[in-house]
Amino acid sequence: MERVPSWRYLPVALALSLPVLACAGLTWWHAQKAQREEAESAARIVRAQTQHILAQAWEVLDRVAALTAVPCEQALPDLQRWGTLNPYFRSLILLRDDRIYCSSAVGKADYSVSEFRRWSGSLSPGGWLFTVDGTPLAPERPAILLGRSGTDGHSGVVVVDGRYVQDLLNAVATLRDYRIELQVGEGGAPIRSDSQGPWDAPSSLVYSETTNHDGRAPLIVRVKAPPEDLVQAWQQLMLTYLPAAALLGLGLAVGAYRLQANRRSFKELLRRAMRADEFQVHYQPIYGQATGQCEGVEALMRWQRPGVGYVRPDIFIAAAEEDGMIIALTRHLFALIERDMRSWTTPPGFHVGINIAAEHLSSPELVPDIERFVQNVSARQPVVVLEITERSLITDDGQARRNIDALRAQGVLVAIDDFGTGHCSLSYLQQFPVDYLKIDQGFVHAIQPSGEDAPVLDVIITLGHRLGLAVLAEGVETELQFNYLVRRGVALIQGYLFARPMPSEQFLHWYAGHAPPPGAKRPESSNLGAG
Ligand code: C2E
Ligand code: CA
Ligand code: CA
């Protein structure tokens, strides 16, 4: 029993782990996305509500600024009315230079504006806006200050109580353990939600946005969440999807294992079939136009599995190629042909065509294999023809070319099989010394009963002749096709019209009936049908 290298289990391991890893990755990505989206909608609520408050403040500020040239006693009733009517305002203030001279909260006053905590920012005449930690009236409560210059160094200020904003932040923060920070204007002190313990507790920024919709000052909202939130959300998703992913991985792993086991068992099956002599070779005669006789055969492998039936050669050959068994199988074919040929009566120079797979052609073992075969059938002195495909020429790294050169030097011929169906460029044809072109049956079947030309077929035939190669047409089934090809000088014809592939014994009978007496003339085409 063949030992299985450990890397062979890699596909199984991958099949098992990939769905789980993909699930972990996808759920992590999904948890992050969901967290971001939730934080975004929390920020949206904060932004919309703050903008709503600020819009009212700007409106009142216009009116306050218009009062700045008026003495405090005269302005006060208006200030107090506007201040009381709007629940968001802490006070409405009038300033002269940097001194406060009138306030809706305390009436006439005289103190420096610097008493506002963290008073910062430049006072541009158009209007200004920023957040502060506290005001002289309520040093511990943040506020948003909006100001606008009036006449003669006077200006008006609306102090929006930060409590409302803070309550809003707290309410939104409870949605998801958030810490939310709102900053109005550059350089101001941010207003922060305070319901979730100390602000500096470990948390990571989930979402941050800066809006500047009215062109006055940016509104910055930052949403933070404890790092474990994301992990918890991810775990939740994993709990939901992991069982399915694990099940999928398990299914795939079982599939991969079975596939491998099948492959191993296919190899084993082939080996056993060879030992049990389940393979047979069928020989399909090839008609030579010049002599009007059977000038050779193509050896085609057949597999009759006991209890199962006939396995199509294109299927088991392709599988053997894939599983690295084709060289062993071709060696077995040589042995079968050697055995069959012992009873043959073919003359020296009779062609025996053998299909050689790409892997074998580019293997250093090809030359000794063929030499041994030629040696073992030397009693009949056949001409061995290697049928190779265009693909094996294209994939050549030099070894195929060396093999072809060495074998041709010993009298072995080389035919390009299924010519026209691969991707062989014409340069390969010039580069590789070959003897035959075997035109694929597809082109032969393109010959129309109406007698019209088959242009591609014609070009291939002409090409072969121009390159000095013998041309063989495969799959010739009708006299019409036969005559068409003969008219165009195709030297060799293979197909059901002349003969079907047959086992060695049957071929011997057939050959005895078809080998014309010495000196006989070429048969009429109508005598070709062998059925
Ligand atoms: P291929 O080399 O092109 O072989 C010719 C195929 O055409 C054979 O199919 C043959 O039976 C079929 N054929 C011959 N005359 C006619 C005809 O007049 N009409 C039609 N429709 N078909 C015709 P088969 O035997 O089924 O073989 C299929 C393929 O399997 C072969 O194609 C060849 O590529 C591969 N194969 C068969 N035996 C071997 C082998 O021992 N070694 C390798 N490497 N490949 C083989
Ligand atoms: Ca062939
Ligand atoms: Ca062919």
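Reading guide: rules and limits
- Residues numbered from 1 in each chain as written.
- Chains lettered and ligands numbered in written order.
- Predicted model: local features only at pLDDT ≥ 70, side-chain atom pairs only at ≥ 80, totals over all residues.
- Heavy atoms only, no water.
- UniProt positions renumbered as here; feature names shortened; annotations may be inferred.
- Donors = N, O, S within 2.8 Å, 3.2 Å for Na, K, Ca; no water.
- Helix = DSSP H or I, 4+ residues; strand = E, 2+ residues; numbered from the N terminus.
- Buried < 20%, exposed > 50% of the residue type's maximum accessible area, 1.4 Å probe, protein only.
- Near = heavy atom within 4 Å.
- Polar contact = N/O pair within 3.5 Å; in protein donor to acceptor, adjacent residues only side chain to side chain.
- 1 Å grid on protein atoms, 1.4 Å probe; cavity = no way out; pocket = protein on both sides within 12 Å on 5 of 7 lines; lining within 4 Å.
- Sits in = over half its atoms within 2 Å of the grid points.
- Disulfide = S-S within 2.5 Å.
- Domains from an automatic or database assignment.
- pLDDT = per-residue confidence, 0-100.
- Contact = heavy atoms within 4.5 Å.
- Patch = residues over 30% accessible without salt bridge, like charges linked within 9 Å, V, L, I, M, F, W, Y side chains within 5 Å.
- Areas by Shrake-Rupley, 256 points an atom, 1.4 Å probe, with all protein chains shown as cover.
- Salt bridge = Lys/Arg side-chain N within 4 Å of Asp/Glu carboxyl O.
- Pairing = 2+ DSSP bridges.

Looking at an unreviewed UniProt entry, the protein carries the name cyclic-guanylate-specific phosphodiesterase, with the source organism given as Achromobacter arsenitoxydans SY8. The heading Subcellular location (unreviewed entry) in the UniProt record of the protein holds the text "Cell membrane".

Novice: I tried to follow the coordination of the calcium ion (ligand 2) on my own but got confused; where do I start?
Specialist: Around a metal, the idealised angle for a tetrahedral arrangement of four donor atoms is 109.5 degrees; for an octahedral arrangement of six donor atoms it is 90 or 180 degrees. Around the calcium ion (ligand 2), the protein contributes the donor atoms Glu298 (OE), Asn355 (OD1), Glu387 (OE) and Asp417 (OD), which lie 2.1 to 2.3 Å from the metal centre. When the donors of the calcium ion (ligand 2) are listed by position in the chain, the intervening gaps give E-x56-N-x31-E-x29-D. Separation of the calcium ion (ligand 2) from the calcium ion (ligand 3) amounts to 3.9 Å, with Asp417 serving as a shared donor to the pair. On the criterion of sequence distance, the pair formed by Asn355 in strand β14 (residues 351–355) and Glu387 in strand β15 (residues 383–388) is long-range, its members being 32 residues apart. Looking at Asn355, the relative accessible area reads 28%, which means it is partly exposed. Classification of Glu387 by relative accessible area gives buried; the value is 3%.

Novice: Teacher, can you tell me more about the site of ligand 1 here?
Specialist: Around ligand 1, the surrounding shell holds 20 residues, and the nearest of these are Gln284, Arg302, Asp417, Glu477 and Tyr496. In the environment of ligand 1, an oxygen atom lies 3.4 Å from a nitrogen or oxygen atom belonging to the side chain of Glu474. Structurally, ligand 1 is housed in the largest pocket. Among the secondary structure elements, those contributing two or more residues to the shell around ligand 1 are β12 (293–305), α5 (313–322) and β16 (413–419).

Novice: Help me understand the state of the cysteines in this model?
Specialist: Summed over the entire model, instances satisfying the criterion amount to one disulfide. Disulfide pairing places Cys72 opposite Cys102 at an S-S distance of 2.0 Å. When the S-S torsion is 70 degrees, as for the bridge of Cys72 with Cys102, the disulfide is right-handed. Within this pair, whereas Cys72 is found in helix α2 (residues 72–85), its partner Cys102 is found in strand β2 (residues 99–103), the two being separated by 30 residues in sequence. We classify Cys72 as buried; its relative accessible area is 4%.

Novice: What is the right way to look at the domain arrangement of the protein in this model?
Specialist: Interfaces are often described in size by the accessible area the parts lose on coming together. Along its sequence, the protein is carved into domain 1 (24–225) and domain 2 (277–511). Taking the mean C-alpha position of each, domain 1 and domain 2 sit 90 Å from one another.

Novice: I would appreciate a short explanation of the coordination of the calcium ion (ligand 3) in the present structure.
Specialist: Only Asp417 (OD), Asp418 (OD), Glu474 (OE) and Glu474 (OE) from the protein coordinate the calcium ion (ligand 3), and they sit 2.2 to 2.4 Å from it. On the primary sequence, the residues serving as donors to the calcium ion (ligand 3) are separated as D-D-x55-E.

Novice: Quick question: what am I supposed to make of the confidence of the model for the protein here?
Specialist: Low-confidence regions, as indicated by low pLDDT, have predicted coordinates that should not be scrutinised in detail. In the predicted model, the protein carries a mean pLDDT of 87, and 90% of its residues have values of at least 70. Here residues 519–527 is modelled with pLDDT under 50, and outside its nearest four sequence neighbours on either side it reaches 11 contacts, counting other chains as well.

Novice: When you look at unusual backbone geometry in this model, what are you seeing that I'm missing?
Specialist: With glycine set apart, most residues show a phi of negative sign, and most peptide bonds adopt trans. Phi is positive for Asp277, close to 60 degrees, though the residue is something other than glycine. By the secondary structure assignment, Asp277 is in the loop between α4 (227–275) and β11 (279–288). Although it is not a glycine, Asp418 sits at a positive phi angle of roughly 50 degrees. Within the secondary structure layout, Asp418 lies in strand β16.

Novice: What exactly am I supposed to notice about a nonpolar patch on the surface here?
Specialist: A cluster of nonpolar side chains, Leu10, Leu14, Leu18 and Leu21, forms an exposed patch at the surface whose accessible area comes to about 390 Å². Inspection of the secondary structure assignment puts Leu21 in helix α1 (residues 10–66).

Novice: Where do I start with the pairing of β11 in this structure?
Specialist: A regular strand places its side chains on the two faces of the sheet in alternate fashion. Of all 10 residues in β11, nine are buried, a share of seventy percent or more. Pairing geometry for β11 and β12, over 10 bridges, is antiparallel. Pairing of Phe279 across the sheet is with Trp303, part of β12. In textbook terms, the turn of a hairpin is the stretch between consecutive antiparallel strands, and for β11 and β12 this stretch comprises four residues, one of which, Gly292, has a positive phi near 70 degrees. Where β11 meets strand β19 (residues 492–493), two bridges bridge the pair, whose relative direction is antiparallel. Across the sheet, residue Gly288 finds its bridge partner in β19, namely Leu492.

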